[in-house]
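# Descriptive structure summary
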Amino acid sequence: MAEHPDCALVRQGYAAFVSGDMETLGSLMTKDVVHHVPGNNPLSGHHKGLDAVLQLYRRLGEETDGTMQIQLESVLADGRGHAMSLHTMRADRGDHGIEIREGLFFTIVGGKITDIDECTEDLDEEDRFWG
């Protein structure tokens, strides 16, 4: 059974993120992409535009001193331009550590990611870690 193209796109994005390949990652998104980060911490908010989104991803690596690990668990597509992913994120930041499940909801138009909504299993834990 062939994988849906939207799932393949998301998997390609995860592979690029994990390897730190911002050039490939950027090529998978539109110039006006928006990544919405929930919670009430310095990373929360609406990161608008390709440069801002890629800067967010760079900052994740910087804030965790390169310790962030992402384990992709599944990717689902609806065939109408939406995909969902579920992953586990592990990282250390200063004297804090975190292991938490997160999900991303993608909007895909013309084979490129236009919008990413981030969800987490524990907003308070995310705020504590990033705060």
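Above this text sits the structure in question.
These numbers were taken from a predicted model, which means no experiment stands behind them.

A few words on the nonpolar core. The nonpolar side chains of a soluble globular protein tend to be buried, and buried together. Formed by 33 residues in total, the largest nonpolar core has its most connected members in Met 29, Tyr 57, Met 89, Phe 106 and Ile 113. Ranked by residues supplied to this core, first place goes to helix α3 (residues 50-63) with six residues. Beyond its immediate sequence surroundings of up to four residues, Phe 106 is in contact with Val 10, Tyr 14, Gly 81, His 82, Ala 83, Ser 85, Ile 113, Asp 115 and Ile 116.

Structurally, the position occupied by Gln 69 is in strand β3 (residues 69-77). Judged by its relative accessible area of 47%, Gln 69 falls in the partly exposed class. The sequence separation of Gln 69 and Thr 88 amounts to 19 residues, and the corresponding C-alpha distance is 8.1 Å. Ignoring anything within four residues of it in the chain, the contact list for Gln 69 reads Thr 88, Met 89 and Arg 90.

The final tally for this structure, using the stated rule, is seven salt bridges. In this structure, Arg 80 engages Asp 78 in a salt bridge whose closest nitrogen and oxygen atoms are separated by 3.1 Å. Arg 128 is the salt-bridge partner of Glu 125, the closest N and O atoms lying 2.7 Å from each other. In this pair, Glu 125 and Arg 128 both sit in helix α4 (residues 123-130), three residues apart, roughly one turn of the helix. On the basis of relative accessible area, Arg 128 is assigned to the partly exposed category, the value being 34%. Counted as one network, the salt bridges with shared partners bring together Arg 59, Glu 63 and Arg 93.

Another aspect to go through is unusual backbone geometry. The general pattern is negative phi for most residues beyond glycine and trans for most peptide bonds. Notably, Asp 65 is not glycine yet its phi reads approximately 50°, a positive angle. On the secondary structure map, Asp 65 appears in the loop between α3 and β3.

The terminal C-alpha atoms of α3 lie 20 Å apart, and with 14 residues this matches the ideal 20 Å at 1.5 Å per residue to within 8%. Within the sequence span of α3, burial applies to Leu 50, Val 53, Leu 54, Leu 56, Tyr 57 and Leu 60. Axial view of α3: buried residues confined to an arc of 145°, hence all on one face. More than 90 degrees from the buried face of α3, the exposed residues found are Asp 51 and Glu 62. Where the residues of α3 are buried, they touch α1 (5-19), α2 (22-27), β1 (29-37), β2 (45-48), β6 (112-120) and α4. Of the residues one or two after α3, Asp 65 is the one with positive phi, at around 50°.

Those residues of α4 not exposed but buried are Glu 126, Asp 127, Phe 129 and Trp 130. Along the axis of α4, the buried residues cluster in a sector spanning 165°; they form a single face. For α4, the elements touching its buried residues are α3, β4 (82-93), β5 (96-109) and β6. The N-terminus of α4 is capped by Asp 122, whose side-chain oxygen sits 3.1 Å from the backbone nitrogen of Asp 124.

Analysis parameters
Residues numbered from 1 in each chain as written. Predicted model: local features only at pLDDT ≥ 70, side-chain atom pairs only at ≥ 80, totals over all residues. Heavy atoms only, no water. Core = buried A, V, L, I, M, F, W, Y, C linked by side-chain atoms within 4.5 Å. Buried < 20%, exposed > 50% of the residue type's maximum accessible area, 1.4 Å probe, protein only. Helix = DSSP H or I, 4+ residues; strand = E, 2+ residues; numbered from the N terminus. Contact = heavy atoms within 4.5 Å. Salt bridge = Lys/Arg side-chain N within 4 Å of Asp/Glu carboxyl O. Expected span 1.5 Å × (residues − 1). Arc of directions from axis to C-beta. Polar contact = N/O pair within 3.5 Å; in protein donor to acceptor, adjacent residues only side chain to side chain.

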